[in-house]
Every structure is written in structure tokens, then in C-alpha cells.
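# Structure at a glance
Listed here are the chains, written in short residue letters.
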Amino acid sequence: MDTDLLTQKVIGCAIEVHKQLGPGLLESTYETCLLLELKQAGIDAKYQVELPILYKNTNIDAGYRLDILITNELIVELKSVEKLLPIHSAQLLTYMKLSNVSTGLLINFNTTKLINGIKRLNLKF
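Below is a short write-up of the structure. All values reported here derive from a predicted model rather than from experimental measurement.

Reading guide: rules and limits
Residues numbered from 1 in each chain as written. Predicted model: local features only at pLDDT ≥ 70, side-chain atom pairs only at ≥ 80, totals over all residues. Heavy atoms only, no water. Axes fitted to C-alpha atoms, helices over the stretch in contact; angles between N-to-C directions. Helix = DSSP H or I, 4+ residues; strand = E, 2+ residues; numbered from the N terminus. Parallel < 35°, antiparallel > 145°, perpendicular 65-115°, else oblique. Left-handed = near helix turned anticlockwise from the far one by under 90°. Contact = heavy atoms within 4.5 Å. Nonpolar A, V, L, I, M, F, W, Y, C, P; charged D, E, K, R; others polar. Expected span 1.5 Å × (residues − 1). Buried < 20%, exposed > 50% of the residue type's maximum accessible area, 1.4 Å probe, protein only. Arc of directions from axis to C-beta. Phe/Tyr/Trp six-rings, centres within 6.5 Å; stacked < 30°, edge-to-face > 60°. Core = buried A, V, L, I, M, F, W, Y, C linked by side-chain atoms within 4.5 Å.

## Things to note about the packing of helix α1 (residues 3-21) against helix α2 (residues 27-40)
- α2 packs onto α1 with a crossing angle of 125° between their chain directions and a minimal axis gap of 9 Å. Overall, the two elements α1 and α2 adopt an arrangement that is oblique. Crossing hand, α1 versus α2: right-handed. Contacts from V10, C13, A14, E16, V17 and L21 of α1 reach α2 at T29, Y30, C33, L34, E37 and L38.
- When its residues are assigned to classes, the contact of α1 with α2 shows 9 nonpolar, 1 polar and 2 charged.

Now the structure itself:
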């Protein structure tokens, strides 16, 4: 699927979750509900995907996990925070670099209008 179309569909699913639940819940609640929406939309998504760190040719299991990975082409990092900070974007960019995924969505569900809590990031490899 085209990455732009996939991104639009994921955003639509996230908006539906936010419409149903509103802000103020735990990140894990939004993750579970978003996974249900993605499944209903026919989008194959993996969640809590291990992200090993390759350091000087040694794999290190540092306990990092991708919130949602969709067909190895889109990482979705979920937040439920007062506001997105630059460190949140930096975290997603690092995850994207380490996993060789060029597109990421940062979604903060703790906002009154979800579209204000969405940021798309792209890398060129």
C-alpha cells in the first residue's frame, strides 16, 4: 500500500478511537483500541515489537519496543502526554533509523482535537 494512503488510514483510525474515548486515558488503552480499529480497516499491524540495538556489531536487547509497526513501512509511536516535546520526535526518529523504516507517526491522544496531536516524520535512506 502507498505510504501516504496508509498514513491517512492510520490517522483516520486514530481519530475514531479519540472520538470514542476522548483524552485523558493511559497510552496502553489507546494502543489496544487503535489496534482493533486497524484490524477492522484491514491493516496488518504488530504491536510492542522488540527493537534491538546494534552497537559495534553486537545486538543489545535494551528493552526498547515499537508501539505499533505496520508492514515494516510505518512506525506509530503513541503518547498520552500534556504536550508533545522535541524529545518525543527525537525518540521516534531514532526508532526509525534503528529499524530502517522511513515513515513514522507520533500521535498524542491527550488533546481535545486529535489532529493537533499528530506529527508525521520522514527519513531518507
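Once the structure has been displayed, the description carries forward.
## Things to note about helix α3 (residues 86-99)
- Between its first and last C-alpha, α3 extends 20 Å over 14 residues, near the 20 Å set by a 1.5 Å rise per residue.
- Of the residues making up α3, those classed as buried are H88, S89, L92, Y95 and M96. Seen from one end, α3 has its buried residues packed into an arc of 120°, which puts them on one side. Among the exposed residues of α3, those pointing more than 90 degrees away from its buried face are P86, I87 and K97.
- Structurally, α3 contributes buried residues whose contacts are with β4 (65-70), β5 (74-79), β6 (103-108) and β7 (118-122).
- Looking one or two places after α3, you find N100, whose phi comes out positive at around 55°.

## Quick notes on the packing of aromatic side chains
- In this structure the tally under the stated criterion is 2 aromatic pairs.
- Ring geometry for Y30 versus F109: centroids 4.4 Å apart, planes at 5°, classification stacked. Of the two residues, Y30 is situated in helix α2 and F109 in the loop between β6 and β7; the sequence distance between them amounts to 79 residues. Exposure class is identical for Y30 and F109. Each is buried.

## So, the nonpolar core
- Residues V10, L34, I70, V76 and I107 are the most contacted members of the largest nonpolar core, which totals 21 residues.
- It is α1 that provides the largest number of residues to this core, a total of 6 residues.
- Leaving out residues up to four positions away in the same chain, I70 has contacts with L6, V10, L38, I43, D44, A45 and V76.
- Counting residues in each nonpolar core, the second largest holds 11 residues, with V49, L69, L92 and L106 among its members.

## So, the environment of L121
- Along the chain, the position of L121 falls in strand β7.
- Assessed through its relative accessible area of 11%, L121 is described here as buried.
- Sequence separation between L121 and Y95 is 26 residues, and the spatial gap between their C-alpha atoms is 11 Å.
- Once you skip the residues sitting within four places of it in the chain, L121 turns out to touch S89, L92, L93, M96, S102, T103 and G104.

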